[in-house]
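Coordinates in review
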Amino acid sequence: DSSGSISKLELIGAVYRHALVASFVLQGHGINAELLQDAGGQICINEQSFDAIDDIFDSMAGGSSRVNYSDFSGYFRRVAAVCLAVEKEEAKMREVFKLIDVDGNGAVSKLELVAAMQNSSRAASYLFPSVNTRNVLEDETSYDLVCSLYDQIAAGRRRISWQDFRNYLTTRFSDVLDRTPSTSSASPLSAASSSPKSVSSQNERSKVKVLVLAPGFSQNPQPASMLSQAGFQLQWFTDLPEYADEGARLTYHTVAPFLTKIHEEILRLKPTAILCASQGGAYLVGLWQLGYWKGPSIMLNAHPSLPMRLPGKTPVVLAHGSNDEVYLWRREDLEDLAMTASPNQCFLYYTSNSGYLASGSLTRLGDRHVMQSILSNDCLPRLVDAAVSSIGPEMFMLQSWRWQLGEDRLEAQHWLGYSLERLRRFWTSPGKQGRDEKLYQVPKNSEEFRKVTSIFRSEPPQAPAYMLSSQTSWERLPIYKIERVENGCQMECSAIPYRDGVKQSLHQQGIDFDPSVHCSWAFHGADYESSLSILRDPAGFQPLISGSRNSPVWGSGTYFARDAKYVADGQFCPRQADGMRCMLLCLVTLGMPCLGDPQQRGVLPFRQKPHRYNSTVDSLSSPEVLVIQQSGAAYPAYLISFA
C-alpha cells in the first residue's frame with residue numbers, strides 16, 4: 001500500500017504472488033520456492049512455508065505489527081551473512097574431502113584418511129587444528145585420534161562418503177554461525193546459531209593472531225595459556241622491561257623508547273589484536289597515542305595511564321575488578337571512559353562484590369589484580385572474540401551468554417519464541433484476548449508442556465556460580481501442573497510498550513533489537529498469593545514499589561534467576577499448606593544490561609547519553625541473576641506448580 005512499512009499480511013501475500021519475493025524471503029529456511037510453484041507460477045501454501053514466513057516477520061518486527069525498511073534490510077543483511085558463512089564453510093569441507101579422496105572415487109577409506117593427515121597440512125589443520133599429525137604412523141596418540149575420527153564418521157561402514165563427511169562436520173556450521181550476527185530467535189538459521197558452545201570454534205580462532213605484550217604475564221601465565229589452548233595464534237613481544245608505576249607522565253617516558261620496536265613488530269606480524277595486562281597496559285596506551293595501533297585491543301587491568309578519551313574507531317575491551325589492589329579505579333570513572341570510545345566499540349568487563357546477605361556473606365566477589373573470573377566459562381577467549389567481532393564487543397558478549405545454556409533449553413526457548421505477540425498463539429481465552437480468566441492449564445501431553453518443563457529442569461553446561469542441589473534430585477521433583485498466563489491488558493498496556501521503548505532506544509544507539517539477545521526466559525519465585533497478584537495486575541511486576549528481599553545484593557528491582565533450581569533452593573517460593581510450591585516463568589526484556597550494584601536505586605548508568613542501561617545482572621560473563629527496574633520489563637508467561 002506504499003505506506004513505508006509492511007504488515008504480516010502484506011508479506012504473506014507478496015510471497016505467494018511473486019516467486020522472486022518467495023526465493024528471497026525464504027532463503028536459508030531449506031525451502032525451494034521453485035518447487036512450491038503451481039502451474040500459474042503462484043507459490044502453493046503449505047504449513048512449512050507459512051510457518052517460515054510467520055517466523056520471519058516476527059523476527060524482523062521484534063514484536064511490532066509492522067516492519068519498516070530499516071528492520072527489513074537489517075534482518076536480511078544478517079541472513080545473507082549467515083548464508084555466505086555456511087557456503088564458505090561447506091566449500092572448505094568439500095576441498096578437504098577431495099584432498100583426502102586421492103583416487104577421486106567419492107569414498108574415503110581409513111588408509112586414505114591416515115595418509116592425508118600425514119601428507120596434507122591443509123586437511124590435517126582443518127580436522128585437527130591443534131594436533132601435529134605429520135608423524136601419524138609413528139605416534140600412537142595421533143594415530144588413535146585419526147582412527148577414532150574415522151570410526152565416528154563411518155559409523156560402522158567401510159567407506160566414508162561425502163554426505164557422511166559433511167553430516168558429521170555440520171558442527172562447523174554452528175561454529176561459523178556463532179561468529180555471525182544472529183538472524184532471529186525464530187528462524188532455522190538462528191536455531192542453528194543458538195547451539196551451545198563452551199568454546200568458540202578452534203578452527204576460527206586459529207586464524208586470529210594475538211600480539212601479547214609480555215609485561216604483566218610473567219607472574220600470571222594462566223591467561224595466555226588459556227588463549228593458546230583455545231586455539232588463538234599467540235605472538236609474544238618479550239623485549240619490554242617491567243617498571244615501577246609512577247604516574248602517567250613518568251610511565252610514558254619509561255615506555256616511549258620501546259614503542260617504535262613494537263610498531264615494527266606490528267608491521268611485520270600484522271596481528272589481529274593486541275593483548276596486555278597490568279604494566280603492559282602502558283605500552284598499549286603509548287601505541288594508541290602515537291597512532292601505531294588502531295585495531296582490536298584487550299587490556300586486563302585498566303592501567304593508570306589511560307587517557308581521558310579512548311581512541312576513536314578502535315574496538316576496545318577493558319577488564320577490571322573492584323578489588324584490584326594495584327590499580328585503584330572507581331567504577332563510574334571507568335564507565336565514563338568507556339563512553340568516550342566510538343559508539344558500540346568498547347566493552348567494559350567489570351566485576352565487583354555483591355551486597356551482603358542477611359547472613360553477612362557475599363554471593364560474588366570482584367576480581368583482584370590477578371583476575372580469576374576471566375579463567376572460568378571460557379571468559380577470556382570470549383573477550384578476545386568480542387574485540388575482533390564485526391558486531392562490536394558488547395553485543396558479542398551478550399550473544400555469547402547463550403553458550404551458558406544447555407542445548408535442550410535453547411531448543412525449548414526457540415520453540416516458545418522471544419516475542420510477546422507470538423506467545424498468543426498458545427492462548428485459549430475467547431478471541432485470544434485474555435480479558436477475564438487469567439490462568440489456563442496447559443495439557444500435560446502437549447508440546448507446550450514439554451518445552452516449559454525442559455526449561456524448568458534444564459542443567460547449564462558449566463557449573464553455576466552458586467551452590468545448588470544435585471541435578472538428579474532436581475529432576476525427580478514432580479511437576480503438578482503448568483498454567484498459562486493470559487493477561488491481554490498487561491501484555492498490551494505494559495509489556496509491549498516497554499519492549500517497544502527499549503527497541504527504539506537501542507535503534508538510536510545504532511543497535512538492531514534482536515529478541516533472542518535482548519530478551520530472556522527467566523524464573524521468579526514468590527508465594528502463591530503474590531504470584532496471583534503479579535499475573536493478574538494490569539501493570540505486572542512493580543520493581544520499585546515492591547522491591548526485593550535481596551535488593552541490597554545487586555540493587556533495587558525485581559529479581560529473576562536464569563535457573564529454576566536457584567529459585568527453589570534459595571527458598572524464594574515457599575511451600576503452601578498442601579506442600580506445593582510455585583514459580584513464574586517470565587519473558588524478560590533485558591535490553592542492554594550492565595553489572596548490578598548494591599548502591600543502585602533504580603537509576604542505572606549511562607550507556608550512550610542520554611540512553612541508560614536497561615537492566616542489571618550479577619555477572620557480565622555468565623549471568624545467573626537478572627534484575628529489572630521498570631514495570632513492563634517482564635511478562636509472567638507461565639505459573640509452574642511443583643513439589
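Coordinates for the structure precede this section.
Here's a quick rundown of the structure. Every value quoted in this text rests on a predicted model; they were computed, and no experiment measured them.

What counts, and where the lines are drawn
Residues numbered from 1 in each chain as written. Predicted model: local features only at pLDDT ≥ 70, side-chain atom pairs only at ≥ 80, totals over all residues. Heavy atoms only, no water. Helix = DSSP H or I, 4+ residues; strand = E, 2+ residues; numbered from the N terminus. Buried < 20%, exposed > 50% of the residue type's maximum accessible area, 1.4 Å probe, protein only. Contact = heavy atoms within 4.5 Å. Areas by Shrake-Rupley, 256 points an atom, 1.4 Å probe, with all protein chains shown as cover. Salt bridge = Lys/Arg side-chain N within 4 Å of Asp/Glu carboxyl O. Pairing = 2+ DSSP bridges. Axes fitted to C-alpha atoms, helices over the stretch in contact; angles between N-to-C directions. Phe/Tyr/Trp six-rings, centres within 6.5 Å; stacked < 30°, edge-to-face > 60°. Expected span 1.5 Å × (residues − 1). Polar contact = N/O pair within 3.5 Å; in protein donor to acceptor, adjacent residues only side chain to side chain. Parallel < 35°, antiparallel > 145°, perpendicular 65-115°, else oblique. Nonpolar A, V, L, I, M, F, W, Y, C, P; charged D, E, K, R; others polar.

1. A word on the overall build of the chain
Counting secondary structure elements, the chain contains 27 helices and 21 strands. Taken across its 643 residues, the chain has 57% of its residues classed as buried. Sequence-distant contacts, at least 24 apart, represent 71% of the contacts inside the chain between residues at least 6 apart. Just so you have it, the chain exposes about 27,300 Å², and 52% of that area is on carbon and sulfur atoms.

2. A closer look at the pattern of salt bridges
Applying the stated rule across the entire model yields 39 salt bridges. For Arg607, the salt bridge goes to Glu394, with nearest N and O atoms at 2.8 Å. Highlighted residues: Arg607 in strand β17 (residues 606-608) and Glu394 in helix α17 (residues 393-400), separated in sequence by 213 residues. As far as the burial class goes, Arg607 and Glu394 line up, both buried. Residue Glu492 is joined to Arg435 by a salt bridge in which the shortest nitrogen-to-oxygen separation is 3.0 Å. Here Arg435 lies in the loop between α19 (420-423) and β11 (439-441) and Glu492 lies in helix α22 (residues 488-508), a separation of 57 residues in the sequence. If you follow the salt bridges from partner to partner, you end up with Lys8, Asp54, Asp55, Asp58 and Arg422 in one network.

3. Focus: the sheet that holds strand β9 (residues 316-321)
What the six strands build is an open sheet, ordered β6-β5-β7-β8-β9-β10; its pairing is parallel. In this open sheet, the two strands that pair with only one neighbour each are β6 (233-237) and β10 (346-351). Strand-to-strand twist of the sheet, defined as the mean angle between neighbouring strand axes without regard to direction, takes the value 15°. In terms of strand pairing, strand β8 (residues 297-300) meets β9 through four bridges, oriented parallel. Each residue of the ladder has a partner; that of Leu300, found in β9, is Ala319. Lying over the sheet, helix α15 (residues 331-338) contacts β9 and β10, oriented at roughly 165° with respect to β10.

4. Description of the packing of aromatic side chains
A ring pair, where both rings are aromatic, is described by two values, the distance of the centres and the angle of the planes. Tallied over the full model, the rule gives 19 aromatic pairs. With 4.7 Å between their ring centres and 45° between their planes, Phe24 and Phe76 make a pair best called tilted. Of the two residues, Phe24 is situated in helix α2 (residues 19-25) and Phe76 in helix α4 (residues 69-100); the sequence distance between them amounts to 52 residues. One aromatic cluster is present, formed by Phe24, Phe72, Tyr75 and Phe76 through successive ring pairs.

5. Topic: α22
The first and last C-alpha atoms of α22 sit 29 Å apart over 21 residues, in line with the 30 Å expected at 1.5 Å per residue. Within α22, the full set of buried residues consists of Gly488, Gln490, Met491, Ser494, Ala495, Ile496, Tyr498, Arg499, Val502, Lys503, Ser505 and Leu506. Among the residues trailing α22, Gly510 stands out with phi positive, at a value near 80°.

6. Here we look at the environment of Pro593
With respect to the helices and strands, Pro593 occurs in strand β16 (residues 593-595). It is 9.4 Å that separates the C-alpha atoms of Pro593 and Leu604, two residues lying eleven residues apart in sequence. Look past the residues within four positions of Pro593 in its chain and what remains in contact with it is Glu394, Leu398, Trp401, Tyr613, Ser615, Val617 and Leu620.

7. Some points on the environment of Arg601
Its place among the elements puts Arg601 in the loop between β16 and β17. In sequence terms Arg601 and Trp554 are 47 residues apart; their C-alpha atoms lie 9.7 Å from each other. Ignoring anything within four residues of it in the chain, the contact list for Arg601 reads Gly555 and Ser556. A polar side-chain atom of Arg601 sits 2.7 Å from the main-chain carbonyl oxygen of Pro598.

8. A short note on the packing of helix α12 (residues 222-230) against helix α16 (residues 379-388)
Helix-helix packing is characterised by the crossing angle of the two axes and by the distance between the axes. At a closest axis distance of 9 Å, the pairing of α12 and α16 adopts a crossing angle of 70°. When the axes of α12 and α16 are compared, the pair comes out roughly perpendicular. The segment α12 lies against α16, with Pro223, Met226, Leu227 and Ala230 engaging Cys379, Leu380, Pro381 and Val384. Considering only residue class, the contact of α12 with α16 consists of eight nonpolar, no polar and no charged.

9. Description of the pairing of strand β7 (residues 273-277)
The element β7 is largely enclosed, with a buried count of five among its five residues. Burial along β7 is two-sided: the face carrying Ala273, Leu275 and Ala277 and the face carrying Ile274 and Cys276 are both buried. Across three bridges, the pairing between strand β5 (residues 209-213) and β7 is parallel. Bridge pairing in β7 places Leu211 opposite Ile274.

That is the geometry; function is a separate question.
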